[in-house]
Structure formats: C-alpha cells, structure tokens
Amino acid sequence: MEDKHLFKPGHTACAGCGQAIAARLVIEAAGANTIVANNTGCLEVFSTKYPETAWGVPWIHSLFENSAAVASGIEAALKYLGKKDSINVIAQGGDGSSGDIGLQALSGMLERGHDILYVCYDNEAYMNTGVQRSGLTPFDTNTTTSPSGSLSAGNLRPKKPMPEICNAHGIPYVATASAGFPQDLTRKVKKAISIRGPKYIQVHVPCPLGWRHATNQMLPVAKLAVETGLYPLFEYENGVLSNRKQIVPKPVQEYLQTQGRFKHLVNNPEEVKKIQGIADNNIKKYNLKAEA
Amino acid sequence: MFGPLTVKPKESKGDKTGSWRTQFRPEYLHKNCIACRMCAMICPEGCVYGKEKNSFWVDFNFCKGCGVCADICPKKDIAMVVEDGKSEEK
Amino acid sequence: MKEFLEGSHAIAEIVKACRPGVVSAYPITPQTHIVEDLAQMVANGELKSEFVNVESEHSAASVVLGGSAAGVRVYTATSSQGLFYMQEVVFNIAGMRLPVVMTCANRAISAPINIWNDQQDSISLRDAGWIQIYAEDNQEAVDFHLLAYRLAEDKRVMLPVMVCMDGFILTHGMETVDIPEQEKVDKFLPPYSPLYKLDPAEPISMGLLADPDYYMETRFAIQETMKESLGYLSEISSEFNGVFGRDYKDLLVEEYQTKDAEKVIVAMGSVCGTIKEAVDQQRAKGKKVGLLRIISFRPFPYARIYEVLKDVPRVAVLDKAVSLGGYAPLSVDVKAALYGKKKGPKVVSSFVAGLGGRDITLESINEVFRRLTAKEVSSDFIDLKPELLKEEYGR
C-alpha cells in the first residue's frame, strides 16, 4: 500500500499540519506523471530529510525563491524532449517564498506562459523559520516580527493580493482553496492540470503551531476563515471571476477567537471592526453572500 | 566521487512518527461508518486506509494523534482515546 | 571551418554545435551578442532548443538548473553583476552535481559600475565548486566550450564548468577562428546521458536537506572530484587533439619560454597574448624571461606550478582581480603551490593590473619585469593614476 503513495507517511510535519494535508491532496490529484519543484520551507524540510523522502514522484528542491524558475527549466526540457503533453509540472512553495522573495521568479514564469501549475500553501507567515511576518500575513496578526504590544495591534498591513496579482498576468486559471475544503481543493487541482498554460492555486492551510490552535481544530478554523469572508474561495478563468463559494457570513469574531495569534484582539473591538471591514469588502468584491 | 545526493522513494522508509503520539490516538468504532473516505482524505500523514463501510484502519507506526480524522467524521464513528501504548498494529 | 568573426559570434556557433536543449540567459554587457545570436539561430530553426527569456540572472541559472535536472544539456552566459546575482544558484548547481556549462564574459564589479574587463567576477566565485578554465584568445574560447561539455558530463565528474573569456577584449574582438564542423563535434561530444534525472518512470528526490550527519561528505566528494579532474583535463585534451588537431597539452597551464627563465610572469586570460609579445621582445634583447599561463584556475594545478617555477629565481604574479584587505587571489594560490618546498623562487611578487578595463600594454608588462626585483612586493598596482587619489573626500 505504501509503495503507491505519492506523498508517503513518515514525514516529520507537526501533528495536524494543514500543509501536509494539502500537499498530499495536490499531488494525489495531479497523479504519478508529475514533476514537482519545491521552494525551501516547512513542506520541503519535513518531507525530504536525507536519507528519507516522502515524495513518490520526481521532486527537486533548489533554493528559497526559485521553484517557479526551476520548474520553467524543467518544463522547457520536457518540451525539448517532446514529453510535455504527458507529464505535469508543479512548482510550489509557501506564502513567503511565493509572494515575497519568490515573486519575481513567479511573475516571470506566469508572464512567459509556461505550462506549469503553481501552488502556494498559505499559512500566512514564515512558519519554517519561526512564525515571522510575510506579505500575506493578515492585518493585525501577531507574529514574531509583527508582534502585538502596547504600541501595536500586530501586523500593520493587509494581505498582499496574490491571486489578483497572478490574474493580472493574464493567465488562464487562478483559484483560492482551503485545506478545510479538501474535495474542493482536489477538484480545483484536477481542473488546473487539465488547462494548458500557467495556473495559480493558493491554498489556505492552518498551522496549529503558528496560529496557536489545537491540532484537531484544523477543519473548524479553516472553515471559519472562509465563512467569515476573510478567506474567500473563488476561481478566475481567463481573467473573469467564474465561480465563488457562497457563504452565509459569520462575524469575524468567531474566527479570531479560535486562534492564539489573535488573542490580543479579544478586548479590542476597534481593531476587530477594522478586520470586519476587510471581510465585508471581500464579501462585496467577490459577491460571496448566498442568496436568501 | 559522490556524497549524499539523491534519494529514491522506494528506498526511503520514513521515520516511525507514531512514537510522537503523546496524549490521544484514534479508535475507529466500526459501527456507523458510511465509507465516505473523509478520514483517509484528511489525514496529514496519509496513514488511514480502508475501502468498505467499517473497514477503515490506522497505521499506528505513523499516526501522530492529531485528531483531525475524528473531527471530520460525519457519523462521529471515530473516538480519540487516551494513548495507552497498546495501539493495534495491522 | 575558418572564419573571421567577433568572439561572441564564434561562441554562439560552438554552443549551437554542442546542441543544448535549453538555453536561458539574461542580457548583460558584454555577453549580450552571444545570447542574441543564439536567439536568432533558434528563430531560424538552425538551433533546435528551448530559448527561455528570463526576468533575472537568478532565474536564468535556475532555469538551466531545472533543465539539467530534467536530463537535458543546457547553456547560459553572464558577467559581473549577473554572475553575482546568480551566485547562490551557482553554488546550488555545483552542490547538486549538475553538468551546466556557462560562459563568463569577464567584467569588473560594481561599485563603481564599470562594464569593461577584469577577472574579479569569476575569481570571486572560485569556491563554488565549478571547474573554471580561462581562454587566452577566441580559438581557445571556442574550443574550451566543447571541452567544457565533455568534461562536465563525464560520469566521473558531473560538475558544472565555467568558461571564462575576457569581456570586450575577446567577446567583441574579431579574430580568425576555426569553428569545428558539426560531425566532428558530434564525434567528440556524444548526446548527454544523465546519471540521475527527474523522470516519472523512475522517480527520485533531488536537493534534500542534509543535516550534520550527511552534509560534509558532499563537499568532500566535490573536492576529491576536483583533484581527479586535474587528470581528466589532460585526458580530454589529448582526445580533443586527436579529433581536431589542436593540442592544449594538459589543459592546466601553458609554459612559454620558462625553461631557463630568470624572471617569469604568471597570469591568466587574454593578457597573456600581450605578455608573450613582451617576452619575445625581451628575449630578443637577451633577457631570460618567460610566461606561465594558468588555464585551469579551478581545479588549481598546484603541482604543475611548482614543477615549472621551482628553478625560477624571480616570479611575478599578475592578477586582474583583487582581494580587498588581503593578498591578490591568483598570487595566493601560486604562493601556496610553492610554500614549504625544498626548492623555489627567491621572490614571488604580486602585481595588480587592468582593473575596470584599464589597458595592459607592452609597456605595462615591461614595468612588471622592471619592478620584479630582489625586494618582494605585494598587490603592487600597475599603471595607477596618483592624481586621482586624495586622502580626504569632499575637498
């Protein structure tokens, strides 16, 4: 049974790791005829510590920021060999390596139109190095480099809108997904793989350690992020918003109170109001509210 | 001459991360299971196996006791019990 | 076939003949003409290759890393700032034992920004684990690319190779060059057959995390392979001579009138052409001088250098680079080759010249011979302009 695994057990992820779940679902949806290029980060470190590897598909790790460029080279080589049509290429990384340090390589890959699926595992901070703030860390989040204190309510800036940035490159498919909605994630990966050209999927993956919640709370936490409107699930196809998960919006307080990284907001209704504003904007922008 | 360079998946046994389990482990009650497969799908380790109703089982060599399978089961057919060191091994 | 053409064009011709499957580079003077030529060749169907226009040198190196990992022969070229931008990828490629071949069109390093030739760029990356060979003229630059692929892809080696040619002087200089014919190239350089590659038929993981229990052996292995490559360079050179009729001897050094020399200059690259002329002129006047040209900078041919210089009373090492705060880099390796031995020169003086493209003339070389006295000097700058120097700024 183990031999058929494309992402084998025995890796050293934390118990309840959202990224481990998502990574396994992604590669199982893509199938055995896939080559993966991975950025440095939690996923790379916990899945390939010499002499162990969790990957049942060909897999390469180069540096922190260049999986999109390495994948571009792999895709070019496959085209040269006439094998691109039968082999999928996935480039993947965390929010930091995709949206910050790796943004240049990702942008280049998207602009050049390579037939590659890029998956960004968004746990909203540089988790592997100890929960430091990234460009995709949400507003008012407590991280080690955007800590809350007497003068601060946490991260000062809103999330970098990576799906919109990728969509602006004019690529055929962009989607957001969540580890809390595994079947939706699988569907989106399969759909992306079937499209020729550059694709971007950003998966919200709870991190029990970094977000400070119990390991068995992965699902409720991930679901609340979506149901409050803070992490909208949508698809852009050829630049047009084609699909979104409709919600009956819950107040953001319900989501914030599930995680230790927001506990400094418990007695700060002013800041919670600002976060509600962000959620409300999302609901409006993506038309998330379910019809009565 | 070459040093440590590449690894083939079939040669990689994986760490027996089951030894990490601290407090709880899942107990599959095998009573109301509808074989929705969500437990197998959601396990971060990928160490839940099974096909038909009430046939799902955990490879305790790798289970870290996170409890997500118990949380996702729509029939509440998985209980998290205190780890007593007497895990079943199939 | 002999042609009179610009160095860059000659390099493009030989790279085309080597049949790379993926070519990726980012424009930087003075490498631009090489890559532009290759793009035109692809556009005309002369070169069947995937040409990837990247958004930075870091990505150019990453693209060829990926292409090579996928089992295809690759090519890239850069200079100066570009080489520095891709530095971490350069180390990564060597650590992953991928046979990438790169042309480094040697150029000075910022700041201040300067596009003209010196060797600070490639020499600054000497620790990376790449084999580095330095061409004196365009014929060598062409031949060395062929040798580079043959050496890199050798199953005993599997290390990347940097072919260094002086920017502008060689890249933009017009020379008569014999471009090897395709059939002979194919005979000398068979298709790339990877030892390991990314292929769903036989999956592997590359680039794993190696903790203290595993890391050191990877570096040791490269060091050992580098030492062994000193021998492989000679082997491949004689194979090359058999097919193309040009003899690079051991591809490590070139001895030019060193046999009975009382003063020898040690140098690398195109400046050696000028030095040879200066040597000829001085010899005609009865002065016993010579040149020891270094071809392979990494692996560094310590034993050969000792062999040639052990009976030479005075040696001048001419560096076209500088290690700010220390001895000039080439002189350090030369001195290391001579240290602790029973015989050796009485004086090994180190000179720095040609930085930022300052011309090294026959007169400059004669000045080096003049300054090579019984008193050893260290990092002595040739052709310096003292009027440009001031003790305080802003006055």
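Quick note: structure is the one above.
Being a predicted model, the structure only gives us computed values, none of them experimental.

**Describing the sheet that holds strand S4 (residues 117-122) of chain A**
An order of S10(A)-S9(A)-S7(A)-S8(A)-S4(A)-S3(A)-S1(A)-S2(A)-S9(C)-S1(B) is seen for the 10 strands of this open sheet, with the pairing classed as mixed. Of all the strands in the sheet, just strand S10 (240-244) of chain A together with strand S1 (6-7) of chain B have a single pairing partner and so form its edges. Of the pairings in the sheet, the one linking strand S7 (residues 173-178) of chain A to strand S9 (residues 234-237) of chain A comprises three bridges and is antiparallel in character. Across the sheet, residue A:Val174 finds its bridge partner in S9(A), namely A:Tyr236. Its contacts with the sheet place helix H3 (residues 67-81) of chain A against strand S1 (34-38), strand S2 (59-61), strand S3 (88-94) and S4 of chain A, and it is angled at close to 175° to S3(A).

**What to know about the interface of chain C and chain A**
Each side of the interface is counted separately: chain C has 38 residues, and chain A has 38 residues. If you list the elements that add at least two residues to the side of chain C that touches chain A, you get strand S2 (22-25), strand S3 (50-53), helix H3 (57-69), helix H5 (87-95) and strand S9 (205-206) of chain C. With nine residues, H3(C) is the single largest residue contributor to the side of chain C that touches chain A. Taken together, the residues of the side of chain C that touches chain A sort by class into 19 nonpolar, 14 polar and five charged.

**Here's the deal with the sheet that holds strand S16 (residues 380-381) of chain C**
Residue and element names in this part refer to chain C. Spatial strand order, S10-S12-S11-S14-S15-S16: six strands in an open sheet with mixed pairing. Looking along the sheet, the strands with just one partner apiece sit at the ends: strand S10 (253-256) and S16. Bridge count between strand S14 (residues 314-319) and strand S15 (residues 347-352): six bridges; the pairing is parallel. Directly across from Val315, in S15, lies its bridge partner Val348.

**Some details on the packing of helix H1 (residues 18-30) of chain A against helix H7 (residues 182-194) of chain A**
Residues and elements named next belong to chain A. Contact geometry of H1 with H7 gives a least axis separation of 9 Å together with a crossing angle of 40°. One element, H1, and the other, H7, form an angle in the oblique class. Note that H1 runs across H7; the crossing there is right-handed. Listed contacts from H7 to Ala22, Leu25, Val26, Ala29 and Ala30 of H1 are Pro182, Leu185, Thr186, Val189, Lys190 and Ile193. Class assignment of the residues belonging to the contact of H1 with H7 gives a composition of nine nonpolar, one polar and one charged.

**Points about the nonpolar core**
Grouped burial of nonpolar side chains is what soluble globular proteins tend to show. One finds A:Ala22, A:Ile74, A:Tyr118, C:Val22, C:Val163, C:Val266 and C:Leu318 to be the most contacted residues of the largest nonpolar core, which totals 239 residues. Summarising the domain contributions, this core has at least three residues from each of domain 1 (2-244) and domain 2 (253-388) of chain C. The residues touching A:Ala22, leaving out its near neighbours within four places in the chain, are A:Tyr121, A:Ala179, A:Leu185, A:Val203 and A:Val205.

**Side note on the environment of C:Tyr306**
Residues and elements named next belong to chain C. In this structure, Tyr306 sits in helix H11 (residues 302-309). When the 17 C-beta atoms within 10 Å are taken as the criterion, Tyr306 is described as partly exposed. Setting aside chain neighbours within four positions, we find Tyr306 in contact with Ala337, Leu338 and Lys341.

Criteria and thresholds
- Residues numbered from 1 in each chain as written.
- Chains lettered and ligands numbered in written order.
- Predicted model: local features only at pLDDT ≥ 70, side-chain atom pairs only at ≥ 80, totals over all residues.
- Pairing = 2+ DSSP bridges.
- Helix = DSSP H or I, 4+ residues; strand = E, 2+ residues; numbered from the N terminus.
- Contact = placed C-beta atoms within 7 Å.
- Axes fitted to C-alpha atoms, helices over the stretch in contact; angles between N-to-C directions.
- Nonpolar A, V, L, I, M, F, W, Y, C, P; charged D, E, K, R; others polar.
- Parallel < 35°, antiparallel > 145°, perpendicular 65-115°, else oblique.
- Left-handed = near helix turned anticlockwise from the far one by under 90°.
- Core = buried A, V, L, I, M, F, W, Y, C linked by C-beta atoms within 7 Å.
- Buried ≥ 20, exposed ≤ 12 C-beta atoms within 10 Å, placed from the backbone.
- Domains from an automatic or database assignment.

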